[in-house]
Structure formats: structure tokens, C-alpha cells
Protein chains: 2
Amino acid sequence: MRVSELSRHSGVPVATIKYYLREGLLPKGEATSATQAVYSETHLRRLRLIRALVEGSGVPLTKVRAILDALDDTGVDLHHLLGTVQYALTPETTPTDTPEWREAERNTEELLARLGWRVSPSSPARPRLTHAIATVMGLGYQVGPRTLDTYANAAHMTAERDLDRIDPAAPRERAVEHVAIITALMDQMLVALRALAQEDVSARRLRGTDARY
Amino acid sequence: MRVSELSRHSGVPVATIKYYLREGLLPKGEATSATQAVYSETHLRRLRLIRALVEGSGVPLTKVRAILDALDDTGVDLHHLLGTVQYALTPETTPTDTPEWREAERNTEELLARLGWRVSPSSPARPRLTHAIATVMGLGYQVGPRTLDTYANAAHMTAERDLDRIDPAAPRERAVEHVAIITALMDQMLVALRALAQEDVSARRLRGTDARY
DNA sequence: CCATTTGGATAGTGAAACTCTCTAATATTG
DNA sequence: CAATATTAGAGAGTTTCACTATCCAAATGG
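Throughout this description, residue numbers start from 1 for each chain and increase along the sequence as written. The order in which chains are written sets their letters, starting at A; the order in which ligands are written sets their numbers, starting at 1. Confidence filtering applies because this is a predicted model: local features only for residues at pLDDT of at least 70, side-chain atom pairs given and counted only at 80 or more, and all residues used for totals across whole chains, interfaces and linings. Only hydrogens and water are set aside; all other atoms, that is, all heavy atoms of the structure, feed into the side-chain values.

Some thoughts on the overall build of chain A
Item 1. Counting secondary structure elements, chain A contains 10 helices and two strands.
Item 2. Numbering goes from the N terminus for both helices and strands, where a helix is a DSSP run of H or I of at least four residues and a strand is a run of E of at least two. Start at the N end of chain A and walk to the C end: the helices and strands fall as α-α-β-β-α-α-α-α-α-α-α-α.
Item 3. Oriented by its inertia axes, the alpha-carbon framework of chain A measures out at about 65 × 50 × 35 Å.
Item 4. Any residue under 20% of the maximum accessible area for its type is buried, any over 50% is exposed, and the rest in between are partly exposed; the area is computed with a 1.4 Å probe on protein chains only. By the burial criterion, 49% of the 213 residues in chain A qualify as buried.
Item 5. Across chain A, contacts joining residues at least 24 apart in sequence account for 62% of those joining residues at least 6 apart.
Item 6. His residues and chain termini do not enter the charge count, which takes Lys and Arg as positive and Asp and Glu as negative. To locate a charge, take atom NZ for lysine, CZ for arginine, CG for aspartate or CD for glutamate. Where the 27 positive side-chain charges of chain A centre and where its 27 negative ones centre are 5 Å apart. In what follows, a contact means two residues having at least one pair of non-hydrogen atoms within 4.5 Å.

The structure is reproduced here in C-alpha cells:
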């Protein structure tokens with residue numbers, strides 16, 4: 001496959017492919033001469049994965065590269081790969097020195113302790129959760145244990161299902177890709193479903209019971 | 001309150017406040033002379049909400065404005081407001097003319113029919129869900145009814161809880177803000193919790209049962 | 001009365017993700 | 001084999017977004 005064909009098969013412009021090559025997101029094709037290189041099915045898969053991450057979840061290219069590097073690092077097991085992918089996908093959150101932050105942090109810790117979740121103290125999702133709680137509280141709304149438990153249970157249900165679908169015996173190439181997908185792309189699905197569920201509940205409660213939609 | 005004080009109370013630079021005023025995100029203060037205007041508590045609340053949306057969920061300013069306009073439109077009831085906020089928050093998704101899209105669309109329709117959710121046919125969350133499914137399928141992975149049901153149930157649990165917390169009798173100003181918050185900010189909480197839950201499940205399954213984390 | 005603040009307008013910045021242009025070397029096709 | 005098209009590689013240019021900085025003239029505030 002040459003660049004133009006790679007472009008056609010993926011729908012990505014040649015200029016963009018060249019850009020990805022320059023940025024090291026896509027490995028170089030095998031050069032057959034000074035002005036020619038051939039690309040394989042692997043390149044096409046990789047390209048599709050990049051586009052899925054970028055278009056599907058708006059992941060910045062620097063983070064995409066971090067994820068791809070982790071996929072290619074054969075010394076990492078699935079559990080740590082999942083952590084690495086999450087780390088790359090989680091936006092940085094700097095703790096602020098406010099009362100809300102401290103209260104939110106306590107909520108986070110208590111929740112994790114209550115549920116007994118095995119989570120690394122350095123997991124970037126911790127401050128992210130704290131930040132989300134602190135933001136809502138900063139607007140003057142409570143985020144109590146009842147709400148957190150409900151959300152946590154819902155999150156755990158999806159996580160169980162996600163891990164059910166990973167086959168640790170599958171070829172590493174695939175298993176590793178699968179982990180990237182469940183962590184990065186399934187979020188989109190959950191968020192879309194949440195919007196639909198809210199609409200449903202809202203229709204039932206805030207309108208009559210006989211409305212069509 | 002003058003601009004400088006508004007800036008101090010909110011932590012947002014004066015230059016940025018002026019920018020928001022120019023962009024119509026923040027209503028003008030009440031002018032007391034050609035070079036002086038006073039801002040109220042309402043301005044401060046509004047400013048905090050803008051920052052929460054921008055920092056908390058990376059909502060583009062154009063969408064923030066759409067949300068704020070909906071909040072200010074007193075002719076809209078809570079149910080429709082929720083729809084409007086969701087509409088503003090949901091990224092546009094253009095259907096593609098591929099087999100994956102059509103299959104994903106069928107999955108979406110069947111899921112909603114199976115669950116009996118009352119969802120408008122024009123809800124932008126539909127194509128968003130379809131797009132998410134189609135993207136995952138385009139990478140060669142199945143998204144079956146089992147997975148969709150699990151995710152849908154989880155989503156519905158959070159939606160029930162969200163609507164429980166809305167007080168339809170509260171002053172419109174507050175109820176309306178609450179709706180914006182649950183649709184926009186609670187997503188972040190759910191996603192963060194999902195990451196933590198995945199780590200927990202992954203630790204239990206992909207590692208031994210005695211590992212510390 | 002004089003340094004400081006403000007409103008209002010215009011212009012500039014920096015990051016991110018492309019997109020374009022160019023060159024010399026090859027490939028393809030009629 | 002000659003005309004046309006394609007490619008790798010590198011650099012520069014473009015667009016969008018969200019600010020940030022600079023000016024200026026009017027107006028406080030001490």
C-alpha cells in the first residue's frame with residue numbers, strides 16, 4: 001500500500017498522514033526507494049485507532065502518542081497498560097488550596113475506603129474526581145455519599161463488563177488495543193446513554209405520564 | 001462590585017472578564033457613568049458557572065453561550081431546558097454512509113425500543129451513541145446487546161439519581177442552574193469514577209488477589 | 001490635583017492540528 | 001521513451017480558540 005492508498009482506505013488526507021508520520025504517531029512505511037515507501041495493514045489499523053481517539057474522544061495528539069507508545073511497549077502487562085492509558089487520557093488537575101477542595105478530597109477518600117476499591121494512591125483519576133466534586137460544591141451544590149455511591153455503583157457495573165470482555169489469552173496486539181478502546185471510547189457511549197437516560201427520566205417525571213416523548 | 005472586585009472574588013483576570021462581556025457570555029454591569037459600572041452577585045454566580053463549564057468539562061465558549069441563553073429563556077420548562085442543555089453539550093455527529101453506521105444505528109434503535117425509553121427522535125444523543133458504537137465497530141470490535149444493556153442500566157441509575165435531586169419547586173434561577181450542572185459537570189464525575197472502578201476490577205482480575213494495589 | 005481605575009475598542013499571543021508548497025527523485029502510462 | 005503523475009521529506013503557512021495586552025479618554029478617590 002502506498003500513501004495515497006492508505007489515504008483512500010482510511011479517509012485521512014495524505015497531508016495529515018505525513019503530519020502523523022512526522023510527529024511519530026504512525027511508524028514509517030518500508031522504503032523501497034528514495035521516494036517510495038509501502039505501508040501495511042498494521043499502519044491502517046494504527047491510523048484508524050488514532051482517528052478514533054482524536055475524533056471520538058478529542059484526545060490531544062500528544063496523549064495519543066503516549067498511548068501508542070504504551071501499546072508498543074511489550075514489557076507492560078495488561079493491568080499496567082490500562083493504568084497507563086488512563087493516565088494519558090486523564091486531564092491534569094492541579095489541587096487548589098480551597099476549603100471545597102479539601103472537603104471534596106475527603107469525600108473521595110471516604111468513598112474509596114467505603115467501597116474498598118483497590119486504587120493506586122497516585123492514580124490521576126483521584127484528583128480528577130476530587131476536582132469534579134469541588135467544582136460542583138464551589139457552585140453551591142452538595143455532593144453527598146448517596147449520590148457518590150450511586151455513581152460509583154454505576155461506574156463499577158460498566159467496569160466489570162469492560163473487563164469481562166478482555167481476553168487475557170488473546171494476542172497481545174489485540175488485547176492491548178482492546179484496553180485502549182474500553183478506556184477511551186466507551187466513555188463516549190456511557191455519556192451518550194446518560195443523556196438519553198436523563199431525557200427518559202425527565203420525560204416521565206417532569207411531564208405527564210401520557211406524553212409521547 | 002466593580003470589575004476589579006469581581007475579578008478578585010472569582011479569580012478570573014479582568015481581561016478575561018472583559019472578553020466574556022464582549023462575547024456576550026456575561027451581561028453588562030449597570031453603568032453608573034461613562035467609565036464605571038457595578039456588578040452584582042448574579043454576575044459572580046454566572047461567572048463561576050462559566051468557569052465551571054469551561055474548566056470542568058472543556059465546553060467551548062460558543063456552547064456555553066447557548067446554554068446560558070437557554071437558562072435565561074424563561075419560556076422554557078425544566079424538561080425542555082434539560083434537552084436544550086444536552087443539545088448544546090453534545091458534539092455534532094454527521095452520519096457516515098457506511099455499513100458500520102447502519103448497524104450501529106440499528107443497535108441504537110433496538111436498545112431504546114427494548115428499554116422503552118422516552119426519547120425524542122431528534123435527540124442529538126442518538127447519533128452520538130450511534131457514532132460511538134460505529135467507531136468501536138469500525139476498529140473491529142463487537143458492541144452487543146449485553147454490553148449496551150449494562151451501560152444503559154448504569155446510565156439510567158445515575159439519571160434517576162440526578163432527577164431525584166432536582167426540586168421542581170425551587171426558584172427557577174436555581175433549578176435551571178442545577179439542570180445545567182447535572183448534565184454538564186456530573187459527566188466528569190462519572191468518567192473519573194469509571195476510571196477508578198476499572199482500576200479496581202483490573203487489580204482484582206488481572207493481578208493476584210493479595211496485591212496491595 | 002494627580003495617580004489609579006474603568007469601559008470600550010483593537011490588536012497581539014500561543015497552542016493545537018492540520019494544510020500547503022516545494023524539490024528532487026521516481027513511477028506509470030500512452 | 002517521453003509526458004505525466006506520485007512520493008518522501010522538510011519547511012512554512014493557515015485556522016480556530018481562548019485569551020492577553022495595549023491604548024485612550026473619562027472619571028474616581030484620596
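Still more to cover.
Notes on the interface of chain A and chain B
Item 1. Taken together, the contact pairs 87 residues of chain A with 87 residues of chain B.
Item 2. Taken over both partners, the interface formed by chain A and chain B buries close to 8600 Å², and the fraction arising from carbon and sulfur atoms is 66%.
Item 3. Here, a salt bridge means any side-chain nitrogen of Lys or Arg that lies within 4 Å of a carboxyl oxygen of Asp or Glu. At the boundary of chain A and chain B, one finds eight salt bridges.
Item 4. When the shortest N-O distance is used, the salt bridge between D162 of chain B and R194 of chain A registers 2.6 Å. Buried area counts how much accessible surface, traced with a 1.4 Å probe, disappears from two parts once they are put together, with both parts' losses summed.

Focus on the packing of helix α3 (residues 41-57) of chain B against helix α9 (residues 172-184) of chain B
Residue and element names in this part refer to chain B.
Item 1. Relative to each other, α3 and α9 sit at 10 degrees, their axes nearing to 11 Å. Regarding the angle of α3 to α9, the classification is roughly parallel. Two secondary-structure elements touch here, α3 through T42, R45, L49, L53 and S57 and α9 through E173, R174, E177, I181 and A184.
Item 2. When its residues are assigned to classes, the contact of α3 with α9 shows four nonpolar, two polar and four charged. Every axis in this analysis is a line fitted to C-alpha atoms, fitted for helices over the stretch in contact. Angles between the N-to-C directions lie between 0 and 180 degrees. Reported orientations rely on four angle classes, namely roughly parallel under 35 degrees, roughly antiparallel over 145, roughly perpendicular from 65 to 115, and oblique for the rest. Under the scheme applied here, ten amino acids are nonpolar (Ala, Val, Leu, Ile, Met, Phe, Trp, Tyr, Cys and Pro), four are charged (Asp, Glu, Lys and Arg), and all others, including Gly, are polar.

So, the protein's contact with DNA strand C
Item 1. Each residue is tested against the molecule or strand, and it is near if at least one of its non-hydrogen atoms lies within 4 Å. Taken together, 23 residues lie around DNA strand C, and Y20 and R22 of chain A together with V3, S4 and K18 of chain B are the ones closest in.
Item 2. Protein-adjacent atoms of DNA strand C, using a 4 Å cutoff, are sugar or phosphate at a proportion of 71%.
Item 3. Counting only elements with at least two residues in the surface near DNA strand C, the list comes to α2 (14-22) and α3 (41-57) of chain A together with α1 (3-10), α2 (14-22) and β2 (36-38) of chain B.
Item 4. Of all the elements, α2 of chain A adds the most residues to the surface near DNA strand C, at five residues.
Item 5. Partitioning the surface near DNA strand C into residue classes produces 11 nonpolar, six polar and six charged.

Comments concerning the relation of the copies chain A and chain B
Item 1. Superposing the copies works by least squares over the C-alpha atoms of residues that have pLDDT at least 70 in both of them. At an RMSD of 0.2 Å, chain A and chain B line up after a rotation of 180 degrees and a shift of 0.0 Å along the axis. Taken together, the rotation angle and the small translation identify this as a two-fold axis. Residue A154 of chain A, judged by its C-alpha, is the member of chain A lying nearest the rotation axis, at 2.2 Å.

A look at the protein's contact with DNA strand D
Item 1. Of all residues adjacent to DNA strand D, which total 22 residues, the nearest are V3, S4 and K18 of chain A together with Y20 and T35 of chain B.
Item 2. Atoms of DNA strand D within 4 Å of the protein: sugar and phosphate make up 68%, bases the balance.
Item 3. Here a base oxygen of DNA strand D sits 3.1 Å away from a polar atom, N or O, in the side chain of R22 of chain B.
Item 4. With respect to DNA strand D, the side chain of T35 of chain B contributes an N or O atom lying 2.9 Å from a sugar or linking oxygen.
Item 5. Taken together, the elements giving at least two residues each to the surface near DNA strand D come down to α1 (3-10), α2 and β2 (36-38) of chain A together with α2 of chain B.
Item 6. In terms of residues, the surface near DNA strand D owes the most to one element, α2 of chain B, which gives five residues.
Item 7. Tallied by class, the residues present in the surface near DNA strand D amount to 11 nonpolar, six polar and five charged. Definition of a polar contact: a pair of N or O atoms within 3.5 Å, with one able to donate and the other able to accept a hydrogen when the atoms are protein atoms, and with sequence-neighbouring residues admitted only if both atoms are side-chain atoms.

Brief notes about the nonpolar core
Item 1. Within this scheme, the nonpolar core is defined by two criteria: the residues are buried Ala, Val, Leu, Ile, Met, Phe, Trp, Tyr or Cys, and they are joined through side-chain atoms within 4.5 Å. L81, M189 and L193 of chain A together with L81, M189 and L193 of chain B are the most contacted members of the largest nonpolar core, which totals 134 residues.
Item 2. Domain start and stop positions are those given by an automatic or database domain assignment. For this core, the two domains that each supply at least three residues are domain 1 (1-56) and domain 2 (57-206) of chain B.
Item 3. Residues in contact with M189 of chain B, not counting those within four places in the same chain, are L129, A132, I133, V136, V143 and L148 of chain A.

What about the environment of T42 of chain A?
Item 1. For T42 of chain A, the position within the fold is in helix α3.
Item 2. Take T42 of chain A: its relative accessible area is 47%, and that puts it in the partly exposed class.

Examining the pattern of salt bridges
Item 1. Here the structure, examined in full by the defined rule, presents 26 salt bridges over all chains.
Item 2. One salt bridge in this structure joins R114 of chain A and D149 of chain A, with 2.9 Å as the shortest N-O distance. Of the two residues, R114 of chain A is situated in helix α6 (residues 99-115) and D149 of chain A in helix α8 (residues 145-164); the sequence distance between them amounts to 35 residues.
Item 3. Several salt bridges share partner residues, and in doing so they unite E160 and D164 of chain A together with R205 of chain B into one network.

As for the packing of helix α6 (residues 99-115) of chain B against helix α8 (residues 145-164) of chain B
Residue and element names in this part refer to chain B.
Item 1. Taken N-terminus to C-terminus, the directions of α6 and α8 make an angle of 55 degrees; their axes are 11 Å apart at the nearest point. The angle between α6 and α8 falls in the class oblique. Judged by the sense of rotation from one axis to the other, the crossing of α6 with α8 is right-handed. Of the residues in α8, those in contact with N107, L111, R114 and L115 of α6 are P145, L148, D149 and A152.
Item 2. Along the lines of polarity and charge, the residues of the contact of α6 with α8 split into five nonpolar, one polar and two charged. Note on convention: the crossing is left-handed when the near helix lies turned anticlockwise from the far helix by less than a right angle, right-handed when the turn is clockwise.

Focus on the packing of aromatic side chains
Item 1. Paired rings are identified among Phe, Tyr and Trp, the last through its six-membered ring, by centres lying within 6.5 Å, and are further divided according to the angle between planes into stacked (under 30 degrees), edge-to-face (over 60) and tilted (the rest). All told, the structure shown has two aromatic pairs over all chains when counted by the stated rule.
Item 2. Considering the side-chain rings of Y19 of chain A and Y20 of chain A, the 5.9 Å spacing of their centres and the 40 degrees angle between planes classify their relative orientation as tilted.

What about the environment of T130 of chain B?
Residues and elements named next belong to chain B.
Item 1. Looking at the element boundaries, T130 is found in helix α7 (residues 125-138).
Item 2. A residue is classified by how much of its surface remains accessible, and T130, at 2% relative accessible area, is buried.
Item 3. In the structure, T130 is positioned 101 residues away from G29 in sequence and 44 Å away in space, judged by C-alpha atoms.
Item 4. In this view, T130 contacts W101, A104, E105 and T108; residues no more than four positions away in its chain are not counted.

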